[in-house]
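Analysis of the macromolecular model
If you want the building blocks of each chain, they are given just below.
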Amino acid sequence: RSVHRCAMDATILPAAAEEPSPEAAKEQLTQKEIRCRRLVAENQTPSARYVGNTPKEELLLEHVREFEDQFVNVYGNRFLFLCPPNEYGVPKFLPSTIRPTHLPYQELYEYKSCAKFLADFFNYDELAPPDRYPTVIPAPASVLTWQAGDCFDLSIALASLLIGVGYDAYCVSGFAPRFITTRNEARSACPQLDVDIEETKEEDKQEDDEFVIPKKPPLRSEYLEAKKRAEEADLARLQEEEMKSDSEDDPSSDEDEHENRRIHCWVLVRKGAREVAEDMYLEPTTGRIYSVTRCPYLKIDLIWNHRNLWVNMQVCGASHVQLDLYNSRYFEYVMLDAENPGDQGGDADDAGAAAPDDDRRGEHTAQILDLPSPWSERPDIPRERFHARCYQGEKTIFYHKCKVEQYAPYTQDDGLVQRITLYKDVRRQIPLEIRERFKHRKDKLIERKRRPMQNETIERFLPGRPSTSATVGGALKEFREISALSRELIFYKSRLDGLVRSVEIIGRKMFEYFEDRDDRLIYHSVTLDPTALMNGTLRNNTKNKDTYTVDSVGEVPIKKMTEKFRRNPEVPAEEDIAKISFYLTEQSSTSIYSSTGKIRVDYHREPGSLTFRQCMYHYEDGNLRRRPANLPQPTQAEVHKLLQMQSTCRERITSSHNSITQELTARRKDEISIRGMRSVAAGKKRDLTTIPGSRDDVLEPSVYDLARESARVEGSREGQEEEKQEEQTSKVDILAPYLVDFVNKETGLVQLDSLQAELVAKKCTTDFRKRLTDRAEIIQRRLEEEQELLRKRRAQMQRRGDSVEKDEQAFAAYQDEAMFRTQILEQRLARHEMQAIEKFQELERMLQEDPRLAAMWQKEPAAVKG
């Protein structure tokens, strides 16, 4: 049989099976077939290329049928999926379905990002059954509109976009294992983790210094390395066995009844164009990239692009196929190519002996049948859907010990767009790490990492975060916290106080780093003494004015304060302070705390010097002294300077502590309010086309989103105004024919009494009811005629008994069309009945509101008694 006949059989057989049991046939319809039928019913004016073939396409189909007949005669019976029907049941040659298109989105210009985007954009439908080709191949424009399709639809759409931006891309159909055809990635590693690792490495490279002193390589033991490798191999084997036995969604856990017979389609990108270094396969359902020689696919059947189609003749696995498409030992091509008109698979001697002259080559090229232009309309992705990215706004994918959740922007109250959860076990029940990404947050939060086992949280922010203080800018870049242990804040280099990093070891120490300060301060710290506390209070109820407030602990005595300064070239090194430490309390054998303390001052080194000047000052009798007494003692001015520096250091630490506390308090309040909003809005359906206004305190739309929103509102307002104008201009006065006899010739106005108004309303209502009834009778008559014709054709086929296959196929085609027309007429009749009731109610409302019939609703004046 020809390919055209095979394609028609695929569409006729399900329709013929509707006669005995229409409900059973309806249950067997796939989602793809339902979408196609809905498209045919809704689109009243389809393109001529969709519902029919041009003469050039008919000639092409005849050429394909001849190729298939010759192929079967030479190589034996083999089914070739060459001309499947489109959504309107019209057979189309596969290469003519690809429509090269360049869409105006940067993400679709590179093959990696394009494949990943389409994998998230589409809702994937598995082939049903998995060992049969699809019964219909719709246009890529329809597939992008539906945002859903099987592997063939996704591959054709991906190839159309890649060819449109200059890649040498092909669609490949063949056979694949179950985990590929079902898009089950429970045994695969999450590709997003590799991207995060690469980004982290790039950041580390940028932060590294330009010149690094190389370190000596550590000594290695070959025995220990061999022992470690053996232990790792044993551990990997144990983990693999554990994974196979514990995983409920393991694709290899049970036997596959369709093993090695699952049909699949993917995309091939050849090297050369767009600086592609080597051939590769793109999996359209997941966006993964596979090497041609190390791919999971089993066999290759067909390869096609927008110019030609090749039939694979190699009996080997997909990873061993030679992709020399114009070599007849490997492939049979359907269309002759002017650039490759001859067989390139012969030996060199044969090629040299069969070199044609220029005239014969030109005549041969003129006789080549070129491929018609693509029949599909131009594929397009609206900007709203492109920015939403995910099908219906959200998507969840399970990987090995990992789960990835993606959301469209503005659909979550906290701006969440992606959540990656890493698990300890294969069943994904014990979370180890949760990574969340955000967009359009007013507080500029872009990423959050949580490790529940360690009570650790890491948050990263974009530049431009609003400040919680009027005097000092926020500029928070990163926040790290281990609950009740430590807290670290990293800032952008844009704060007025020069703070770049603040670290607090809760209850023990706090230190901060500065840059570009006028007072040359680069570091200060405060060391606490938690041993002085007993049940949250000072031992022996000793009062100490130098304390530091710690969350959940209270006031903790300060043990030491330290400041560091950068070099001042205008001051000699032996007089320029590099570090000063204030020891506020010292533990002695006689008392827990004594009022005695000391100050240690370290000065900068001279260039080339290994030693530096250091001075130690002790508190004695309310004054500062150096020990032993024979050392030069400080002057009154020096003592005043040191005490002033101690007071300034204390003020700086207090001010910094208050600023950080204020920042953290604001962060906690924001997160608590966001959680409350999420719990209130849980389960509510959100509109993806509009930017919600109730979450303005959390989300901040970008300028592009605001421009698109304003353009949408402006367009809708203009559309409403145009509709109102058209409604006013096209509004028909339904009472005009009935009021002609009651027009006053002198004034041109209509004045009706109650009887006249009632007569006009009654005539209008009667005529309108008759019009609706006549319309329903026309539809009912057409429906009965269709049913009668179908009944007669069935009786005619039953009287003929056994007949040729051609008559049966013709009757099946007629029956399919008749059932379709009958269904449309029944739907039209039901819709007319519902609309008739609404229209009649609207007429009564108009008659009641018409001022010309107002007399009908007024009471007659009572008769005057004589």
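Numbering of residues starts from 1 in every chain and runs along the sequence as written. Reporting of local features is limited, given that this is a predicted model, to residues whose pLDDT is at least 70; pairs of side-chain atoms are given and counted only at 80 or more, and all residues count toward the totals for whole chains, interfaces and linings. Calculation of side-chain values draws on the structure's entire complement of heavy atoms; hydrogens and water are dropped beforehand.

Let us look at the overall build of the protein chain. Broken down by element type, the protein chain carries 19 helices and 28 strands. For every residue, the accessible area (1.4 Å probe, protein chains only) is compared with the maximum for its type, and the residue is labelled buried under 20%, exposed over 50%, or partly exposed between those bounds. Taking all 866 residues of the protein chain together, 40% fall into the buried category. Carbon and sulfur atoms provide 50% of the accessible area of the protein chain, an area that totals close to 51,600 Å². A run of DSSP states H or I qualifies as a helix once it reaches four residues; a run of E qualifies as a strand once it reaches two. Both are numbered from the N-terminal end. Here the Shrake-Rupley method, with its probe set to 1.4 Å, supplies the accessible areas, and only the displayed protein chains count as covering residues.

Take Arg487: it is sitting in strand S17 (residues 486–491). The class for Arg487 is buried, based on a relative accessible area of 7%.

Turning our eyes to something else, we now look at the sheet that holds strand S4 (residues 263–269). Here seven strands make up an open sheet; going across it, the order is S6-S5-S4-S3-S7-S8-S9 and the pairing antiparallel. At either margin of the open sheet sits one strand with a lone partner, and together these are strand S6 (289–291) and strand S9 (331–333). In this sheet, adjacent strand axes meet at a mean angle of 30° when their direction is disregarded. Paired strands, in this sense, are two strands between which DSSP finds at least two bridges. As paired elements, strand S5 (residues 280–282) and S6 share three bridges and run antiparallel to each other. Among the inter-strand pairings, Met280 is bridged to a residue of S6, identified as Ser291. Only the stretch in contact is used when a helix axis is fitted, and all axes are lines through C-alpha atoms; the angle between N-to-C directions ranges over 0 to 180 degrees.

Turning our eyes to something else, we now look at a nonpolar patch on the surface. Like-charged residues are merged into a patch within 9 Å and nonpolar side chains (Val, Leu, Ile, Met, Phe, Trp, Tyr) within 5 Å, provided each residue has over 30% relative accessible area and no salt bridge. Throughout this description, the term salt bridge denotes a Lys or Arg side-chain nitrogen within 4 Å of a carboxyl oxygen of Asp or Glu. Residues Ile430, Leu432 and Met453 make up a contiguous nonpolar surface patch of about 250 Å² in total accessible area. You can see Met453 is positioned in the loop between strand S14 (445–451) and strand S15 (456–461).

With that settled, consider unusual backbone geometry. Note on backbone geometry: most residues besides glycine have negative phi, and most peptide bonds are trans. Each neighbour pair has its own omega, and for Ala128 with Pro129 the value is -5°, a cis peptide bond. Positive phi outside glycine occurs at Lys401, with the angle close to 55°. For Lys401, the location among the structural elements is in the loop between strand S10 (394–399) and strand S11 (402–407). At Arg428, a position not held by glycine, the phi torsion is positive, near 60°. Residue Arg428 is classed as buried on the basis of its relative accessible area of 16%.

Glancing now at the packing of aromatic side chains. In this analysis, rings of Phe, Tyr and Trp, with Trp reduced to its six-membered ring, are considered paired at centre separations within 6.5 Å, and the interplanar angle assigns stacked below 30 degrees, edge-to-face beyond 60, and tilted for intermediate values. This model, assessed by the stated rule, comprises 24 aromatic pairs. Here Phe81 and Tyr133 contribute two aromatic rings whose centre-to-centre distance is 4.5 Å and whose plane-to-plane angle is 15°, an arrangement assigned as stacked. You can see Phe81 sitting in the loop between helix H5 (55–75) and helix H6 (94–97) and its partner Tyr133 sitting in the loop between strand S1 (123–124) and helix H8 (140–146), a full 52 residues away along the chain. Taken individually, Phe81 and Tyr133 each receive the classification buried, so the pair is uniform in this respect. An aromatic cluster is present here, built from Tyr105, Phe117, Phe121, Phe122 and Phe386 joined pairwise through their rings. Over the face of the ring belonging to Tyr109 we find Arg274, whose NZ or CZ atom lies 3.9 Å from the ring centre. For a Lys NZ or an Arg CZ to count as sitting over a ring, it must be within 6 Å of the ring centre and within 35 degrees of the ring normal. Above the ring of Tyr603, the side-chain terminus of Arg613 is found at 4.5 Å from the ring centroid.

Relative orientation of the contacting elements helix H7 (residues 111–121) and helix H9 (residues 151–164) amounts to 150°, with a least axis distance of 11 Å. Classed by the angle they form, the pair H7 and H9 counts as roughly antiparallel. The handedness of the crossing between H7 and H9 is right-handed. Residues Tyr111, Cys114, Ala115 and Leu118 of H7 form the contact with H9, whose own contacting residues are Ala157, Leu158, Leu161 and Leu162. Residues that form the contact of H7 with H9 fall into these classes: eight nonpolar, no polar and no charged. Put simply, angles under 35 degrees are roughly parallel, angles over 145 are roughly antiparallel, angles from 65 to 115 are roughly perpendicular, and the rest are oblique. Here is the rule for handedness: rotate from the far helix to the near one, and if that takes an anticlockwise turn smaller than a right angle the crossing is left-handed, while a clockwise turn gives right-handed. Note on contacts: a residue pair is in contact if any heavy atoms of the two residues lie within 4.5 Å. Polar here means any residue outside two lists: the nonpolar Ala, Val, Leu, Ile, Met, Phe, Trp, Tyr, Cys and Pro, and the charged Asp, Glu, Lys and Arg; Gly therefore counts as polar.

Let us look at H5. The length a helix should cover is 1.5 Å for every residue beyond the first. Given a rise of 1.5 Å per residue, 21 residues ought to cover 30 Å, and the 30 Å separating the end C-alpha atoms of H5 matches this to within 8%. Those residues of H5 that sit buried are Glu57, Leu60, Leu61, Val64, Arg65, Phe67, Glu68 and Phe71. The arc that holds the buried residues of H5, viewed along the axis, is 160°, so those residues lie on one side. In H5, those exposed residues whose orientation departs by more than 90 degrees from the buried face are Pro55, Gln70, Asn73 and Val74. Looking one or two residues beyond H5, the residue adopting positive phi is Gly76, at roughly 95°. Here the arc refers to the directions that run from the helix axis out to each C-beta atom.

A separate point is the pattern of salt bridges. One pass over the full model with this rule turns up 51 salt bridges. Between Arg667 and Asp443 there is a salt bridge, with its nearest N and O atoms 3.2 Å apart. Here Asp443 lies in the loop between strand S13 (431–438) and S14 and Arg667 lies in helix H16 (residues 636–680), a separation of 224 residues in the sequence. Take Arg667: its relative accessible area is 7%, and that puts it in the buried class. One salt bridge in this structure joins Arg501 and Glu488, with 2.9 Å as the shortest N-O distance. Of this pair, Arg501 sits in strand S18 (residues 499–505) while Glu488 sits in strand S17, and the two are 13 residues apart along the sequence. Overall, Arg501 belongs to the partly exposed group, its relative accessible area being 30%. Residue classification places Glu488 among the buried positions, given a relative accessible area of 16%. One continuous salt-bridge network, built from bridges that share partners, spans Lys403, Glu405, Arg419, Glu436, Arg441, Asp443, Arg448, Arg450, Glu459, Arg667 and Glu671.

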